[in-house]
Amino acid sequence: MSAASLNSAVERLRREAEQAESLSIFEILSIFESLGPSVAAILLALPFLQPLPLIGLSTPLGLTIALSGLAIALDRPIWLPSRFSRTLISSAIILKKIAVLEGLTAKLGGFFQHSDEPPQPLTNSTRRWLGVNIIVHGLLLALPLPVPFSNTVPAWTCGAAAMTVIFPSAKGLWLTNGLILVNFIFWSAVVGAATLAIPTLVETWQ
């Protein structure tokens, strides 16, 4: 996958968004079909880069990211239930996220892989590892939990893993693994806090 083909697909998405009030997830994925589900995982993770859950969008977008991870792990085209593929996303949101995506690829593309270095293909085991982690963190994004940053941390992990699929590098893999560790610590703290709080709430209600 080349940076030129990625930029071409992004430009096509911009044109489509400028000509319509909204686009379905299926239409967005169709634009990036030749580039694989990794771009879809990045693009759909971008709306989650905010502290609070996306009301009405968390579940379909999170599950779509998880299915993108499954496609990456199996090295196959992405499959979506029609219910999720028909979910509409405002063109205004898409255009904002395109600007963010372009900024990320311009800044992070060089970090993940220098332009003067030939791309190194992913090994099957590395692809599966990245795909499985996109699945796990996509499912976390699908939970509309009222917990600050419960979106942000998994979204960054999905984005880093997908960027590593597009631009394979040791640095990208290290970054992804670091974010996975951050997620483990964050969610362990959330579960621990909930476990301690539940008995207190039960006693209060009684």
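Residues numbered from 1 in each chain as written. Predicted model: local features only at pLDDT ≥ 70, side-chain atom pairs only at ≥ 80, totals over all residues. Heavy atoms only, no water.

**Student:** Would you mind going over the overall build of the protein with me for this structure?
**Tutor:** Within the protein one finds nine helices and two strands. Secondary structure elements in the protein, listed N-terminal to C-terminal, are α-β-α-α-α-α-β-α-α-α-α. Per-residue burial over the protein gives 45% buried out of 206 residues. Considering only intrachain contacts with a sequence separation of at least 6, the fraction spanning at least 24 residues in the protein is 76%. Total accessible area computed for the protein in this model is approximately 11000 Å², and 66% of it derives from carbon and sulfur atoms. (Helix = DSSP H or I, 4+ residues; strand = E, 2+ residues; numbered from the N terminus. Buried < 20%, exposed > 50% of the residue type's maximum accessible area, 1.4 Å probe, protein only. Contact = heavy atoms within 4.5 Å. Areas by Shrake-Rupley, 256 points an atom, 1.4 Å probe, with all protein chains shown as cover.)

**Student:** For this particular structure, what's the right way to read the side chain of histidine 137?
**Tutor:** In this fold, histidine 137 is placed in helix H7 (residues 124-141). A relative accessible area of 4% means that histidine 137 is categorised as buried. At a separation of 2.7 Å, a polar atom in the side chain of histidine 137 contacts the main-chain carbonyl oxygen of asparagine 133. Once residues within four sequence positions are removed from consideration, histidine 137 is found in contact with Pro154, Thr157, Cys158, Ile180 and Asn183. (Polar contact = N/O pair within 3.5 Å; in protein donor to acceptor, adjacent residues only side chain to side chain.)

**Student:** When you look at unusual backbone geometry in this model, what are you seeing that I'm missing?
**Tutor:** Peptide bonds are, in most cases, trans, and in most cases residues other than glycine have a negative phi. For aspartate 75, which is not a glycine, the phi torsion comes out positive at approximately 55°. Note on placement: aspartate 75 falls in the loop between helix H4 (58-74) and helix H5 (82-85). For aspartate 75, a relative accessible area of 53% translates into the label exposed.

**Student:** Is there a simple way to think about the nonpolar core in this case?
**Tutor:** In a soluble, globular protein the nonpolar side chains are often hidden away together inside. Leu13, Ile28, Phe32, Ile65 and Ile94 are the most contacted members of the largest nonpolar core, which has 42 residues in total. When contributions to this core are tallied by element, the ones reaching two or more residues are helix H1 (3-18), helix H2 (25-31), helix H3 (37-45), H4, helix H6 (91-112), H7 and helix H8 (152-166). When sequence neighbours within four positions are dropped, the list of residues in contact with isoleucine 94 reads Leu13, Ala17, Leu23, Ile28 and Ile89. (Core = buried A, V, L, I, M, F, W, Y, C linked by side-chain atoms within 4.5 Å.)

**Student:** Mind showing me how you'd approach the packing of H4 against H7 here?
**Tutor:** Two quantities define a packed helix pair, namely the angle between the helix axes and the distance between the axes. Where H4 meets H7, the axes come as close as 7 Å, and the angle between the chain directions of the two elements is 170°. Looking at the two axes, H4 sits roughly antiparallel to H7. The segment H4 lies against H7, with Ser58, Gly62, Leu63, Ile65, Ala66, Gly69, Leu70, Ile72 and Ala73 engaging Arg127, Arg128, Gly131, Val132, Ile134, Ile135, Gly138, Leu139 and Leu141. Classifying every residue of the contact of H4 with H7 by side-chain character gives 11 nonpolar, five polar and two charged. (Axes fitted to C-alpha atoms, helices over the stretch in contact; angles between N-to-C directions. Parallel < 35°, antiparallel > 145°, perpendicular 65-115°, else oblique. Nonpolar A, V, L, I, M, F, W, Y, C, P; charged D, E, K, R; others polar.)

**Student:** What am I meant to see in empty space enclosed by the protein here?
**Tutor:** To find leftover empty space, a probe the size of one water molecule is rolled over the atoms. Tallied over the full model, the rule gives one cavity of 30 Å³ or more. Taken as a whole, the largest cavity encloses approximately 30 Å³ of empty space. Taken together, Leu6, Asn7, Val10, Leu101, Glu102 and Thr105 make up the lining of the largest cavity. Of all the secondary structure elements, the ones that give two or more residues to the lining of the largest cavity are H1 and H6. Taken together, the residues of the lining of the largest cavity break down into three nonpolar, two polar and one charged. (1 Å grid on protein atoms, 1.4 Å probe; cavity = no way out; pocket = protein on both sides within 12 Å on 5 of 7 lines; lining within 4 Å. Points joined across faces, edges and corners; volume = space filled by probe spheres on them.)

**Student:** Help me understand H3 in this model?
**Tutor:** Residues separated by three or four positions in an α-helix point in the same direction, a consequence of the helix having 3.6 residues per turn. Counting buried positions along H3 gives nine out of nine residues, so the element sits mostly inside the fold. Turning to H3, its buried residues number three or more, namely Pro37, Ser38, Val39, Ala40, Ala41, Ile42, Leu43, Leu44 and Ala45.

No statement about biological role is implied by the geometric values presented.
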